[in-house]
Amino acid sequence: CFSTFTSSDQANICVIVQIMKVRVVPFGQLTDIMGKAHLEINAADTEELQEILEKKFPGLKERKFAIAVNREIVSANTILSEDAEVALLPPSSGG
């Protein structure tokens, strides 16, 4: 818990972060970088998940990719639920 102060009162705010086990499924060249078709990672949100993955697989830092949680692409940091499926989607090219 932490406290914030305003000019006239005091507010206490508690933040509880739960770490969830999620299934990560890379696609395209991201599968080659990670060397796996899928893996399980413990993370609270997509930002933390991306940090963990970039530490474990440094080649991901150089790549742009979208993140989908349970088949929905997310652009902002998203809280993860237990057993969520997180897809790593490289850019696609059309022709």
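None of the values given here were measured: they were computed from a predicted structure.

What counts, and at which threshold
Residues numbered from 1 in each chain as written. Predicted model: local features only at pLDDT ≥ 70, side-chain atom pairs only at ≥ 80, totals over all residues. Heavy atoms only, no water. Helix = DSSP H or I, 4+ residues; strand = E, 2+ residues; numbered from the N terminus. Buried < 20%, exposed > 50% of the residue type's maximum accessible area, 1.4 Å probe, protein only. Contact = heavy atoms within 4.5 Å. Areas by Shrake-Rupley, 256 points an atom, 1.4 Å probe, with all protein chains shown as cover. Pairing = 2+ DSSP bridges. Axes fitted to C-alpha atoms, helices over the stretch in contact; angles between N-to-C directions.

1. A short note on the overall build of the protein chain
Within the protein chain, the regular secondary structure consists of 2 helices and 7 strands. In the protein chain, the succession of helices and strands from N to C terminus is β-β-β-α-β-α-β-β-β. Every one of the 95 residues in the protein chain was classed for burial, and the buried ones make up 28%. Across the protein chain, the fraction of contacts at a sequence separation of at least 24, relative to all contacts at a separation of at least 6, is 48%. Accessible surface, the protein chain: about 6,600 Å² in total, of which carbon and sulfur atoms supply 49%.

2. Some details on the sheet that holds strand S4 (residues 39-43)
Sheet architecture is open: 5 strands sit in the order S4-S3-S7-S5-S6, paired in mixed fashion. Sheet topology places S4 and strand S6 (72-74) at the edges, where each strand pairs with a single neighbour. The average angle at which neighbouring strand axes cross in this sheet is 35°, direction not considered. Sheet topology places strand S5 (residues 66-69) next to strand S7 (residues 85-89); 4 bridges connect them, and they run antiparallel. Its bridge partner lying in S7, Ala66 is registered against Leu89.

3. Brief notes about unusual backbone geometry
The backbone phi angle of Asn70 is positive, close to 50°, even though this residue is not glycine. Look at Asn70 and you get partly exposed, because its relative accessible area is 42%. Not every positive phi belongs to a glycine, and Asp83 is a case in point at roughly 65°. Assignment of secondary structure puts Asp83 in the loop between S6 and S7.

4. Topic: the pairing of S5
Pairing geometry for S5 and S6, over 3 bridges, is antiparallel. Looking at S6, one finds that Ile67 is bridged to Val74. From the end of S5 to the start of S6, which pair antiparallel, there are 2 residues, and Asn70 there has a positive phi angle of about 50°.

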